[in-house]
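Each chain is listed here by its residues.
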Amino acid sequence: MGNMAKEITTLNNEQLLRVLNEAFAEEWLAYYQYWIGAKIMEGPMRASIESEFEEHAKEELEHAHWLAERIIQLGGTPILNPIDWDKMAKCKYLTPENPFNVELLKQNLASERCAIKRYQQICEMCHGKDFETFEISRKILHEELDHEQDWEDFLQDIEKQQEYAIEKIKSETKQ
Ligand code: FE
Ligand code: FE
Ligand code: MG
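Analysis parameters
- Residues numbered from 1 in each chain as written.
- Chains lettered and ligands numbered in written order.
- Predicted model: local features only at pLDDT ≥ 70, side-chain atom pairs only at ≥ 80, totals over all residues.
- Heavy atoms only, no water.
- Donors = N, O, S within 2.8 Å, 3.2 Å for Na, K, Ca; no water.
- Helix = DSSP H or I, 4+ residues; strand = E, 2+ residues; numbered from the N terminus.
- Buried < 20%, exposed > 50% of the residue type's maximum accessible area, 1.4 Å probe, protein only.
- Core = buried A, V, L, I, M, F, W, Y, C linked by side-chain atoms within 4.5 Å.
- Contact = heavy atoms within 4.5 Å.
- Disulfide = S-S within 2.5 Å.
- Expected span 1.5 Å × (residues − 1).
- Polar contact = N/O pair within 3.5 Å; in protein donor to acceptor, adjacent residues only side chain to side chain.

1. Remarks on the coordination of the iron ion (ligand 2)
And then number 1: Taken together, Glu60 (OE), Glu112 (OE), Glu112 (OE), Glu144 (OE) and His147 (ND1) make up the full set of protein donors to the iron ion (ligand 2), lying 2.0 to 2.4 Å away.
And then number 2: Mapped onto the sequence, the residues coordinating the iron ion (ligand 2) show the spacing E-x51-E-x31-E-x2-H.
And then number 3: The metal-metal distance between the iron ion (ligand 2) and the iron ion (ligand 1) is 3.9 Å, with glutamate 60 coordinating both. Taken together, the residues span a long stretch of sequence, with glutamate 112 in helix α5 (residues 101–126) and glutamate 144 in helix α6 (residues 131–174) at a distance of 32 residues.
And then number 4: Of the residues examined, glutamate 112 reaches a relative accessible area of 2% and is grouped as buried.

Here you go:
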């Protein structure tokens, strides 16, 4: 713990630590949601979607790492038992019951949007009050926005491909 680290922020430390631990739990769940999704998925563009899932899993784990370091610096304790991840998380784990990757993309898009709201919230909380936590949250927010964009693009491409195929069938059956 850094004593000055605690002293210089004008925020309620307990409340901040609570929110940081919620985000920490969410990152582990996000990590696993991508990790297991990459393993089980089937469907269009499998290779590229699978490697993007693996990439995102790594990034979520890194977010958990940054949050844990900051929690410790502020005198808190990162969640010690995985059993508490689901209890603490506000952005819930979405079980990939359907391995079809278009469904997995939709689930993870929803999760990313929840994460975006979470880091926007922490940024707003810390803005002008706790520069270091603000900086960490802003850095994570940047990556979550990027993740959202990735899935929007994939879903749009898949939809375009379907529309194209339907049009092609229509024009062929007219002839
Ligand atoms: Fe994340
Ligand atoms: Fe993400
Ligand atoms: Mg990406």
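Anyway, onward from the coordinates.
2. Quick word on the coordination of the magnesium ion (ligand 3)
And then number 1: Ligation of the magnesium ion (ligand 3) by protein atoms is provided by Glu52 (OE), His56 (NE2) and Asp150 (OD), these donors lying 2.0 to 2.5 Å from the ion.
And then number 2: Sequence spacing of the donors to the magnesium ion (ligand 3): E-x3-H-x93-D. Remark: histidine 56 and glutamate 52 occur in helix α3 (residues 46–73); sequence separation between them is four residues, near one turn of the helix.
And then number 3: Glutamate 52 sits in the partly exposed class, given a relative accessible area of 23%.
And then number 4: The exposure class assigned to histidine 56 is buried, which follows from its relative accessible area of 0%.

3. Some points on the nonpolar core
And then number 1: With 29 residues, the main nonpolar core has Leu16, Leu20, Phe24, Leu67, Tyr119 and Ile122 as its most contacted residues.
And then number 2: Broken down by secondary-structure element, the contributors of at least two residues to this core are α2 (13–40), α3, α4 (85–88), α5 and α6.
And then number 3: At eight residues, the largest contribution of residues to this core is made by α2.
And then number 4: Here phenylalanine 24 is in contact with Ala64, Leu67, Ala68, Ile71, Pro78, Ile79 and Trp85, once residues within four sequence places are set aside.
And then number 5: Counting 15 residues, the second largest nonpolar core, distinct from the first, contains Leu104, Leu105, Leu109 and Ile158.

4. Focus: the state of the cysteines
And then number 1: Taken as a whole, this structure holds one disulfide when the rule is applied.
And then number 2: Between cysteine 123, a cysteine without a disulfide, and cysteine 126, which holds the nearest cysteine sulfur, the sulfur-to-sulfur distance is 7.4 Å.
And then number 3: Using a relative accessible area of 8% as the deciding quantity, one classes cysteine 123 as buried.

5. Details of α2
And then number 1: With 28 residues, α2 extends 41 Å from end C-alpha to end C-alpha; this agrees with the ideal 40 Å at 1.5 Å per step.
And then number 2: Counting buried residues along α2, 20 of its 28 residues qualify, which places the element largely inside the surrounding structure.
And then number 3: For α2, the N-terminal capping position is held by asparagine 12, with its side-chain oxygen 3.0 Å away from the main-chain nitrogen of glutamate 14.

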